[in-house]
Amino acid sequence: QSSPGFRGVADWLDVLVSLGNLQRSGIGTHAVYSSSADAEQYLSKQSPDYMGGHAVLYHDRTFPQLLFMEQSLRTGEQPEAARSLVAPVRDTFAGAVDTGGAAGGGDPVAFALGMTGCNKPAFQSLATQFDWSRYKTLGDFGGSAGVLCCCVAAGQPHMDCTTLDLPAVHEAAVQYVQQQRLTDQVKVLDVDFFNSSPFPSYDVITMGMILHDWGLEKKKLLMQKAFDALPPGGAFIAIEVLIDDARQANLWGLMMSLDVDFFNSSPFPSYDVITMGMILH
């Protein structure tokens, strides 16, 4: 209590209590704080349901861009000063970023864990709502930390799953699969899905939160390579956050679209239903 920062610390901890991140017994100098049940489940790195990486990702990559939001919205372009603050996503996943430099968000493992937090609920829904009974193998291209494959493997024990991505996130995927205790069902392979090699064949090919990163021609290329690799009766599944037709109900989709506007140099939109219909056509 004698510390000059005591009041600020108490205020901050009580803010976290009010948000449900902490729980408190006692008050004032006798207060004892501990993590809430939700915080233990979703904000502890030791938990298999950890989602805190998403907040770290926003801190490292999105929040710095908001300093230049007005200029970006007025001109439709991200100023050079903004680009210098954050490592490009493609360089991050290619392992081409020196994370000790000025640009933030260049750690591919941190990026993979951040995307885990925001994508896992959709992947869990896929694992339970799609009819997997006719299939035996799954290849998830752009699988990052391997979350989609782990969700499917956990919910569908008969499935043999492979997560495929660039070498920069290989170790993150290995660690995640081990944490989920699914090494017997989930393999980790390195792949550059834009090189000239055809995709390996799987009964089901998925791309979870991948297509929105690319312009129309690269979207079409990725989907064509996926369809070419499917056996007869196979399935291709693209998972994306789509903005509702009225553009007001899906706040998450709107925020994701705005976020991509800051980082994606392609003028092709990705988050509305009309756009996805154009791609599939």
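Residues numbered from 1 in each chain as written. Predicted model: local features only at pLDDT ≥ 70, side-chain atom pairs only at ≥ 80, totals over all residues. Heavy atoms only, no water.

Caption draft 1: Geometry of the overall build of the protein. The helix and strand inventory of the protein stands at 12 helices and seven strands. Taken across its 281 residues, the protein has 43% of its residues classed as buried. Here the contacts in the protein between residues at least 6 apart in sequence split such that 61% fall between residues at least 24 apart. With an accessible surface of roughly 15300 Å², the protein has 56% of that area assigned to carbon and sulfur atoms. (Helix = DSSP H or I, 4+ residues; strand = E, 2+ residues; numbered from the N terminus. Buried < 20%, exposed > 50% of the residue type's maximum accessible area, 1.4 Å probe, protein only. Contact = heavy atoms within 4.5 Å. Areas by Shrake-Rupley, 256 points an atom, 1.4 Å probe, with all protein chains shown as cover.)

Caption draft 2: Expanded view of the pattern of salt bridges. Following the criterion strictly, the structure yields five salt bridges and no others. For arginine 74, the salt bridge identified is with glutamate 70, shortest N-O distance 3.1 Å. Linking arginine 74 with glutamate 70, this pair stays in helix α4 (residues 69–75), spanning four residues, or about one helical turn. The pair arginine 74 / glutamate 70 is uniform in exposure class, with both members exposed. The residue glutamate 217 makes a salt bridge to lysine 220 at a minimum N-O spacing of 4.0 Å. With glutamate 217 and lysine 220 both in helix α10 (residues 216–229) and three residues apart, this pair spans about one turn of that helix. (Salt bridge = Lys/Arg side-chain N within 4 Å of Asp/Glu carboxyl O.)

Caption draft 3: Region of the structure containing the environment of alanine 122. Following the sequence through the fold, alanine 122 ends up in helix α7 (residues 108–129). Alanine 122 gets classed as partly exposed once you look at its relative accessible area, which sits at 37%. Separated by 29 residues in sequence, alanine 122 and cysteine 151 have C-alpha atoms that sit 9.7 Å apart.

Caption draft 4: How the structure looks around the pairing of strand β3 (residues 137–141). Taken across its five residues, β3 has four buried, putting it largely inside the fold. Bridge count for β3 against strand β4 (residues 160–165) is five bridges, and the pairing is parallel. Looking at β4, one finds that aspartate 140 is bridged to threonine 163. The pairing of β3 with strand β6 (residues 204–208) spans three bridges and is parallel. Of the residues in β6, the one forming a bridge with aspartate 140 is threonine 206. (Pairing = 2+ DSSP bridges.)

Caption draft 5: View of the sheet that holds strand β5 (residues 186–190). Ordered in space as β5-β4-β3-β6-β7, the five strands form an open sheet in which the pairing is parallel. At either end of the open sheet lies a strand with only one pairing partner, and these are β5 and β7 (235–239). Neighbour-to-neighbour, the strand axes of this sheet turn through a mean angle of 20°, independent of strand direction. Sheet contacts for α10: β6 and β7; angle to β6, the most-contacted strand, approximately 160°. (Axes fitted to C-alpha atoms, helices over the stretch in contact; angles between N-to-C directions.)

Caption draft 6: Up close: the confidence of the model for the protein. Confidence in the prediction of the protein, expressed as mean pLDDT, is 84, and 83% of residues score 70 or more. This model gives residues 99–103 a pLDDT under 50, and the stretch forms eight contacts once residues within four places in sequence are excluded. (pLDDT = per-residue confidence, 0-100.)

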